[in-house]
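Coordinate analysis (summary)
This is what each chain is made of:
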Amino acid sequence: MISGHFGLVAACAAGLAGAALAQGFTTAAEIRPILEATRTNWVALREFDGQDLLHFTHLESWRCGLAEVRYGVNGAAPEVWAMDPCFEGTAQPHAIAAGREPYIRLPLGSVQAVSVLVTYDDGATDMADFTRAQVLMP
């Protein structure tokens, strides 16, 4: 018998692993609760090599179940974020392909605000607005 805090963590992890094996997390119904709970992680901003790198890694990782992602920087008209297809039928349908850069490069300090609109494969949408301070990685 597993007891204490470690036991609770281990039991929860085992339950999540079982749930992950039972579902492929490749439909809107399966990923919507995850994206709703992790909305603050949809995008991240990193200052690197004299540029702002606006990362879409989180959304790329949960793209199965999404029909489209649009983003707008600093109030600009939304643009489509081009995602790889879901690798259904593989062991890792959410994998990010080797060589894929899940970010865009912008001039250093230029990103002040980001709006994101996700469209699920069932047609439902969700959106979030972020300031630089909210998404800037330390």
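Residues numbered from 1 in each chain as written. Predicted model: local features only at pLDDT ≥ 70, side-chain atom pairs only at ≥ 80, totals over all residues. Heavy atoms only, no water.

1. Focus: the sheet that holds strand S7 (residues 125-131)
- Across the sheet, four strands lie side by side as S4-S3-S6-S7; this open sheet has antiparallel pairing. Pairing within the sheet leaves two strands with one partner each, and these edge strands are strand S4 (79-80) and S7.
- Bridge analysis of strand S3 (residues 66-73) against strand S6 (residues 113-120) gives seven bridges, and the strand direction is antiparallel. Paired with valine 69 across the two strands is valine 118, which belongs to S6. (Pairing = 2+ DSSP bridges. Helix = DSSP H or I, 4+ residues; strand = E, 2+ residues; numbered from the N terminus.)

2. Considerations on the nonpolar core
- Core analysis: the largest hydrophobic core is formed by 25 residues, its most contacted members being Trp42, Val43, Leu54, Val116 and Val118.
- Residue assignment for this core shows that the elements contributing at least two residues are helix H2 (28-37), S3, S6 and S7. (Core = buried A, V, L, I, M, F, W, Y, C linked by side-chain atoms within 4.5 Å. Buried < 20%, exposed > 50% of the residue type's maximum accessible area, 1.4 Å probe, protein only.)

3. Points about the pairing of S7
- Burial along S7 is one-sided: Asp126, Ala128 and Phe130 are buried, and none of Thr125, Met127, Asp129 and Thr131, which face the opposite way, are.
- Two elements, S6 and S7, share seven bridges in a ladder whose sense is antiparallel. Along S7, the bridge assignment pairs serine 115 with aspartate 129.
- Here S6 folds back onto S7 in antiparallel fashion, the turn holding four residues, of which glycine 123 has a positive phi close to 95 degrees.

4. What about the sheet that holds strand S1 (residues 44-48)?
- Here three strands make up an open sheet; going across it, the order is S1-S2-S5 and the pairing antiparallel. In the strand order of this sheet, the two ends are held by S1 and strand S5 (103-107), each with one partner. Strand-to-strand twist across the sheet, computed as the mean angle between neighbouring axes with direction ignored, equals 25 degrees.
- As defined by bridge partners, S1 adjoins strand S2 (residues 51-55) across five bridges and the pair is classed as antiparallel. Bridge assignment links arginine 46 to a residue of S2, and that residue is leucine 53. (Axes fitted to C-alpha atoms, helices over the stretch in contact; angles between N-to-C directions.)

Interpretation note: all reported values are geometric properties and have no functional meaning in isolation.
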